[in-house]
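Okay, here's what each chain looks like letter by letter:
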Amino acid sequence: MSITSFYFLALVTVGVLVYYVVPKSIQWMILLVLSAVFYYFAATPCTIGYLVVSTMIAYLSTMWIQKKRDALGREAKGLLVVTFVALAVNIAIWFFVKGRGLWVPFALRLTAWRDVSVLDSLVNWKIAASLGMGYYTLQVMGYIIDCYWENITPQKNPLKLFLFVCYFPQLTTGPISRYTQLNTLYSPHRFEYRNLAFGSQRILWGFMKKIVLAERVGMIVSAINADPGTYTGFYSWIAILLYPLQMYADFSGCMDIVLGVSELFGIPLAENFNNPFFSRSSQEFWQRWHITLGTWAKDYVLYPLLKSKSMVNFGKVTRKKYGKKTGKFLVNLVGMFMLWMIMGIWHGGWRYIIGVSLWYWVILMLGDLCAPWFQQITEKLHMKTECFAWHLPLDFWHFFQSARTYVIYAVGATFFSVGVTGGINRLKDAAKVLLKRGYANPWIFFDQSILKTGITWQDINLIIFVTGMMLIVAVLREKYGYARNWIQNQCVLFRWFIWLAMFVLVLIYGKYGPGYDASMFIYQGF
């Protein structure tokens, strides 16, 4: 069952009706039943055992920690050991099942060099992963750490904790929620028309981005990537620059559906995107893109690492030996390397370690290293970075910075799209357009060659139109918080025209029906 399918919408409709009819004291049980039903139809049913195991590990470890702390105080022995073991077991399950792309290549080389029967069995063991394993694993680990840090009190009801782990709207592609963000799961909720209206509007906008825009852009990108020998030159640039648009429309469209569904039940979820392509720098980009993953990594990996005794001592040594500024940079260098490696490893393959971890670590560190020089150049040339301002979120200089940030992301995302070898070859081919005389083929933009990818002029016009809509919505969000807040303040006829027009567009031009697999969101694989 895909979250863009009729069956999912039917499940949500029935669920909302039942949710607001039953006594408020058992509303959370309805959510638990809905989550179980969704999982049964959306994934391999037996794999829900992974979620049960993670939940029980979190429940038993945190209850033991709380019991010991209540009896012996904060200095009770074994608290850190139990926390570490609980985290290690969750990581081991994820690594063995979902992180196979990280260890299987090495295991294959080892078994080819030397006969290791255990490794050979593990490599060839066909084992199904659970739905959303990367997301709920981080969520469970954050819960355990927060209990150890005494940020929250452990949940005493294991079924309520299980609901926190398997809450069905966010199970497919996140967001990665904190326990404090989802404690409204257990609160009573009254029916409110605003929740129904705003939730439905956001679901509709998510459908627009996913099945109208992302699927059409994906047709072009997939065709080019499937035949790199035929599609060369400017085709490489088309694939490189369109894939971030496809990924954003796909992932953020999914998040709009997820957040909209949860809003129907009166349960707010954390935002995962905030106009990332308006970012002026790569650092700002990752504060706007996949926000919950970035904040999780900073709160539970980077900050504890920088505060650790070993890093503090390392900072003292480097500052003493190389000076305050260089010492600080070296500490940041090591800390950011660990942060970005965790981000890449979480995605579960070497293509992501290249395209996320190493690429962005190098880009951000070079940015920090060269920032003083860039500032000096700007001052010496008397460059006015706010010139040509139009009193909109995008001025001329902002546009340049955002375009630069987009291209940087597009380069890294190429490895997401076609893997390490394919990414290198694609980038080499794109570079030839700029460096090799006679290699460019600009005529493909004028002789209808692009239609060989399976796209039509109607599809191209829809891509341009919906992308323009996304830009307008992004500008409204920058100014009003959400575009729907601005729409809500307009006259009733205008409001209904907007939403009905969008509904008709999705109904007529959405990519769905027999033979269409709408279940495969790009980020569902994590």
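Reading guide: rules and limits
- Residues numbered from 1 in each chain as written.
- Predicted model: local features only at pLDDT ≥ 70, side-chain atom pairs only at ≥ 80, totals over all residues.
- Heavy atoms only, no water.
- Helix = DSSP H or I, 4+ residues; strand = E, 2+ residues; numbered from the N terminus.
- Expected span 1.5 Å × (residues − 1).
- Buried < 20%, exposed > 50% of the residue type's maximum accessible area, 1.4 Å probe, protein only.
- Arc of directions from axis to C-beta.
- Contact = heavy atoms within 4.5 Å.
- Phe/Tyr/Trp six-rings, centres within 6.5 Å; stacked < 30°, edge-to-face > 60°.
- Lys NZ or Arg CZ within 6 Å of the ring centre and 35° of its normal.
- 1 Å grid on protein atoms, 1.4 Å probe; cavity = no way out; pocket = protein on both sides within 12 Å on 5 of 7 lines; lining within 4 Å.
- Points joined across faces, edges and corners; volume = space filled by probe spheres on them.
- Patch = residues over 30% accessible without salt bridge, like charges linked within 9 Å, V, L, I, M, F, W, Y side chains within 5 Å.
- Areas by Shrake-Rupley, 256 points an atom, 1.4 Å probe, with all protein chains shown as cover.
- Salt bridge = Lys/Arg side-chain N within 4 Å of Asp/Glu carboxyl O.
- Bend = angle between axes of the 7 residues up to and from the residue.

1. Digging into helix α14 (residues 309-322)
Consideration 1: Given a rise of 1.5 Å per residue, 14 residues ought to cover 20 Å, and the 20 Å separating the end C-alpha atoms of α14 matches this to within 8%.
Consideration 2: Every buried residue of α14 is listed here: M311, G315 and T318. End-on, the buried residues of α14 take up no more than an arc of 75 degrees, which puts them together on one face. Looking at α14, the residues exposed on the side facing more than 90 degrees away from the buried face are K309, S310, K316, V317, K320 and K321.
Consideration 3: Buried residues along α14 sit in contact with α13 (291-307) and α15 (324-347).
Consideration 4: Of the residues trailing α14, G323 is marked for its positive phi of about 100 degrees.

2. A closer look at the packing of aromatic side chains
Geometrically, a pair of aromatic rings is defined through the distance of the ring centres and the angle of the planes.
Consideration 1: Tallied over the entire structure, the rule returns 38 aromatic pairs.
Consideration 2: Plain terms: the ring middles of W94 and F95 are 6.5 Å apart, the flat faces sit at 45 degrees to each other, and that makes the pair tilted.
Consideration 3: Using a relative accessible area of 8% as the deciding quantity, one classes W94 as buried.
Consideration 4: Of note, R484 hangs over the ring of Y482, and the distance from its end group to the ring centre comes to 5.2 Å.

3. A closer look at unusual backbone geometry
Consideration 1: In this model, G174 is joined to P175 through a cis peptide bond whose omega is 10 degrees.
Consideration 2: Assignment of secondary structure puts P175 in the loop between α9 (168-171) and α10 (193-226).
Consideration 3: A positive phi angle, near 65 degrees, is found at E150, a position not held by glycine.
Consideration 4: Relative to the helices and strands, E150 is located in the loop between α7 (133-148) and α8 (158-166).
Consideration 5: Given the relative accessible area of 38%, E150 is considered partly exposed.

4. Focus: empty space enclosed by the protein
Consideration 1: Applying the stated criterion to the full structure yields three cavities of 30 Å³ or more.
Consideration 2: Space inside the largest cavity adds up to approximately 60 Å³.
Consideration 3: Every residue lining the largest cavity is listed: V221, N225, A239, I240, Y243, A410, A413, T414, S417, V418 and R426.
Consideration 4: Those elements giving two or more residues to the lining of the largest cavity turn out to be α10, α11 (234-264) and α17 (396-435).
Consideration 5: Top element by residues in the lining of the largest cavity is α17. It accounts for six residues.

5. A short note on a nonpolar patch on the surface
Consideration 1: A cluster of nonpolar residues, F191, Y193, L196, V492, L493, W496 and L500, forms a patch on the protein surface that exposes about 790 Å² of accessible area.
Consideration 2: Sorting the residues of the nonpolar patch by element identifies α10 and α20 (492-509) as the ones contributing at least two each.
Consideration 3: By residue number, the principal contributor to the nonpolar patch is α20, which donates four residues.
Consideration 4: Counting through the fold element by element, V492 comes out in helix α20.
Consideration 5: Since its relative accessible area comes to 43%, V492 is described here as partly exposed.

6. Topic: helix α16 (residues 350-380)
Consideration 1: Between the first and last C-alpha of α16 there are 42 Å, a value that for 31 residues agrees with the 45 Å anticipated at 1.5 Å per step.
Consideration 2: Its maximal kink placed at C370, α16 deviates by approximately 50 degrees, while the proline P372 follows within four residues.
Consideration 3: By the burial criterion, the buried members of α16 are Y352, I353, G355, V356, S357, Y360, L364, M365 and C370.

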